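# Reading the structure
Spelled out, the chains give:
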Amino acid sequence: DLDYQRMWGGDRVRTGLTLAAEREGELVGAVSLIFDRHRGRLRDLVVRPDARRRGIGTALIGAALGRFREQSLHPSAGSGQRLAEAQDWDVPPYRAFYEALGFCPARRYLLLRWHLTTPLPVLSLNHEVTVRQATLADLEEIADLYTHIYSPYWDWSRDDTLEKVREEYRAIFAQRLSAEDSDRVYLVAVLDGRLVGGITARIDQEYNRAKRVALGSLNPGGVGILPAYRRRGIGSRLLAEALVLLRERGVHQTTVWTFSYLDDETPAVMLYQ
């Protein structure tokens, strides 16, 4: 639970469970289920090597889809779950398995990591923008910013209107920006009085204590720049400021989970690399 909450966004999770497969009293496979608003998510399908190619993985996925259908019919589910999304490692065995069951490749997530104990690369930075920490006074602009930056990358799984997406972002940021002990710092780039970009710097102390690490992250979201302001060094400036902030707070390594289409890479991915 701790790993999922911290590494995969956490506060988007509603509820979940893990299904296990047994053979002759021994555990031979498992898959985790996350029940989200309109999606059922499958995570971490595993089958013991000596039990593979016997239909166990197929049985687990079948049982998981059955649970999603049951959830969608529950009176409390509202409009219900209409999509099943499998999240697993982008390696041929997993992809071939899911495609054989009718799943379509949609997105790959990339994990990138910086070692902050070594010098950071020299980047071309934009010094015309002002980079500062976001406050509640920025709430409406931040909701607009995140809606326009990130919504295009969720076109395959969202059927909400942009206004509903904005309301969701607004509610999330209203809670986070008003929290006194938040583990996130939101940095925004301001140009000519307008918010044109943002980045999250996060240090999860509970996770670090449990794992005995000094790890930070740039999630959720990572670097985001409005399209009209890209390729002007603003993203580099935000990234550099966030990494310096994390290093000054004792972080040794920083990660970001980001995504790109299977046949292309987003501008953010190219910036990180």
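Residues numbered from 1 in each chain as written. Predicted model: local features only at pLDDT ≥ 70, side-chain atom pairs only at ≥ 80, totals over all residues. Heavy atoms only, no water.

### Section: the overall build of the protein chain
To keep it simple, the criterion reads: Numbering goes from the N terminus for both helices and strands, where a helix is a DSSP run of H or I of at least four residues and a strand is a run of E of at least two. Relative accessibility decides the category of a residue: with a 1.4 Å probe and only protein chains considered, values under 20% of the type maximum give buried, values over 50% give exposed, and everything between is partly exposed. Should any heavy atoms of two residues lie within 4.5 Å, those residues are considered in contact. Accessible surface is estimated by sampling points in the Shrake-Rupley manner with a 1.4 Å probe; for residues, cover comes only from the protein chains shown.
Along the backbone of the protein chain there are 8 helices and 11 strands. Considering the protein chain as a whole, with its 273 residues, one finds that 45% of them fall into the buried category. Within the protein chain, contacts between residues separated by at least 24 positions form 68% of all contacts whose residues are at least 6 apart in sequence. Of the roughly 15200 Å² of accessible surface on the protein chain, 51% is carried by carbon and sulfur atoms.

### Quick notes on the confidence of the model for the protein chain
Using the following cut-off: In predicted models, pLDDT denotes the confidence assigned by the predictor to each residue on a 0 to 100 scale.
Averaged over all residues, the pLDDT of the protein chain equals 85, while 88% of them reach at least 70. The least confident element of the protein chain, judged by mean pLDDT, is helix α1 (residues 2-7) at 48; the most confident is strand β6 (residues 130-133) at 96. Every residue in residues 7-13 is under pLDDT 50, and counting partners more than four places away or in other chains gives 22 contacts.

### Quick notes on the side chain of S32
Test applied: Distance and chemistry together define a polar contact, namely a pair of N or O atoms within 3.5 Å, with one atom able to donate a hydrogen and the other to accept it when in protein, and with adjacent residues in sequence counting only for side-chain atoms on both sides.
Relative to the assigned elements, S32 resides in strand β2 (residues 26-35). Only 3.1 Å separates the side chain of S32 from the side chain of T18, close enough to count as a polar contact. With sequence-adjacent residues up to four places away left out, S32 is seen in contact with L17, T18, R41, L42, R43 and D44.

### As for the packing of aromatic side chains
For clarity, the cut-off: Any Phe, Tyr or Trp ring, taking Trp's six-membered ring, that has another such ring centre within 6.5 Å forms a pair; planes under 30 degrees apart are called stacked, those over 60 apart edge-to-face, and the others tilted.
In the structure shown here, the tally under the stated rule is 7 aromatic pairs. Look at Y98 and F103: their rings are 5.2 Å apart centre to centre, the planes differ by 75 degrees, and that puts the pair in the edge-to-face class. In this structure, Y98 and F103 share a single accessibility class: buried. On the numbers, 4.9 Å between centres and 65 degrees between planes, the contact of F173 with Y186 is edge-to-face. Within this pair, whereas F173 is found in helix α5 (residues 162-178), its partner Y186 is found in strand β7 (residues 184-191), the two being separated by 13 residues in sequence.

### Focus: α5
We count it as follows: To estimate the expected span of a helix, subtract one from its residue number and multiply by 1.5 Å. Note: the arc covers the axis-to-C-beta directions of the helix.
The first and last C-alpha atoms of α5 sit 24 Å apart over 17 residues, in line with the 24 Å expected at 1.5 Å per residue. Within α5, burial applies to V165, R166, Y169, F173, R176 and L177. Considered in projection along α5, the buried side chains sweep an arc of 100 degrees and stay on one side of the axis. In this fold, the buried residues of α5 make contact with α4 (139-150) and β7.

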